[in-house]
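Chains, contacts and geometry: an overview
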Amino acid sequence: MRVIRFIVFACFLVIFIVIANIIHKNINSYEVVDIKNPFTYYNLIAYSNNDIKSLASLSFRDSFESLSDMFGIDTAFVVNNILKKDIKIREDDAELVVFTGSNYISQITVNSYDNIETLFENILNSLNSNNIQLEKHSLDDEEGNILAEIYTHKTDSYKIVITKSYISNSSNLSIDYVNLLALQ
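The notes below deal with the structure included here. Since we're looking at a predicted model, the values are computed, not measured.

**Details of helix α3 (residues 116-129)**
- The terminal C-alpha atoms of α3 lie 20 Å apart, and with 14 residues this matches the ideal 20 Å at 1.5 Å per residue to within 8%.
- Every buried residue belonging to α3 is among Ile116, Leu119, Phe120, Ile123, Leu124 and Leu127, and all of these are buried. Projected onto a plane normal to the axis of α3, the buried residues spread over an arc of 130° and lie on a single side.
- At the C-terminal side of α3, Asn131 shows a positive phi close to 55°.

Structure follows, in C-alpha cells:
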C-alpha cells in the first residue's frame, strides 16, 4: 500500500512541477509581450499585393489611442500634432516622426544617421523585390558634388520619398510616407 501511495505522490509531484514550469514560462512570455511597442523595427516597410501599406508598423488608420500608448502621451495631445520618438532599426538608432491631423495620420517619417548604407540598400532591395519602381533625382552643388539623392514613388493614395543626403562628411537617410488622400 505504501508503494502505491508513493507512486501516486510521485506522479502528482511530477505533474505539479510540469504545470508550474508551464505557468512560469507563460508568465515570462506575457511580461515580454506586455511591452506595448519596444520600438525596434526589423521590417521597416510593410507590403501587401506589391504595394506599400505602412512604414515603421504604422498605418494611416491607426487609432489615436494606440499612438498615445506608443508615444506615452495623452490622447488629446495626439490630434493635430507632431510626435517624435527615438527608435532602433535593427541595432541602429533612428527617429520616428508622425504628423497627425484631426482624425488621421498625414505623414510618417523615419530619420536615420547610423549605418545608413546598409539600411538604404536593404530598403531598395525590399522595394525592388516588391515591384515598386522609384524615380531617382540628384541634387548637386556648384562643384558637381552630390548633396542628396532623392527616390520617389507615388500612387493615388500615398507618396514615399527616400532622401539620402551628404552634408559635412556625414550621411543621413530620411524615409517619408505621405498620405495623399488625407491632404486633399
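Once you've had a look at it, read on.
**A look at the environment of Ser112**
- Relative to the helices and strands, Ser112 is located in strand β6 (residues 105-112).
- The exposure class of Ser112 is buried, given its relative accessible area of 1%.
- For the pair Ser112 and Ile89, spaced 23 residues apart in sequence, the C-alpha to C-alpha distance is 8.5 Å.
- Setting aside residues up to four positions removed in sequence, Ser112 forms contacts with Asp93, Ala94, Leu119, Asn172 and Leu173.
- A polar contact of 3.4 Å, which involves the side chain of Ser112, links it to the backbone oxygen of Asp114.

**Focus: a nonpolar patch on the surface**
- Residues Met1, Ile4, Val8, Phe12, Ile15 and Ile19 make up a contiguous nonpolar surface patch of roughly 640 Å² in combined accessible area.
- Take Phe12: it is sitting in helix α1 (residues 2-33).
- Taking the relative accessible area as the measure of exposure, Phe12 reaches 56% and is therefore exposed.

**Some points on unusual backbone geometry**
- With phi around 55°, Asn49 is a residue other than glycine that occupies positive phi space.
- Mapped onto the fold, Asn49 is located in the loop between β2 (45-48) and β3 (51-55).
- The phi angle at Asn131 is positive, at roughly 55°, despite the residue not being glycine.
- Secondary-structure assignment places Asn131 in the loop between α3 and β7 (135-140).

Conventions adopted
Residues numbered from 1 in each chain as written. Predicted model: local features only at pLDDT ≥ 70, side-chain atom pairs only at ≥ 80, totals over all residues. Heavy atoms only, no water. Helix = DSSP H or I, 4+ residues; strand = E, 2+ residues; numbered from the N terminus. Expected span 1.5 Å × (residues − 1). Buried < 20%, exposed > 50% of the residue type's maximum accessible area, 1.4 Å probe, protein only. Arc of directions from axis to C-beta. Contact = heavy atoms within 4.5 Å. Polar contact = N/O pair within 3.5 Å; in protein donor to acceptor, adjacent residues only side chain to side chain. Patch = residues over 30% accessible without salt bridge, like charges linked within 9 Å, V, L, I, M, F, W, Y side chains within 5 Å. Areas by Shrake-Rupley, 256 points an atom, 1.4 Å probe, with all protein chains shown as cover. Salt bridge = Lys/Arg side-chain N within 4 Å of Asp/Glu carboxyl O.

Read these as spatial facts, not as claims about activity.
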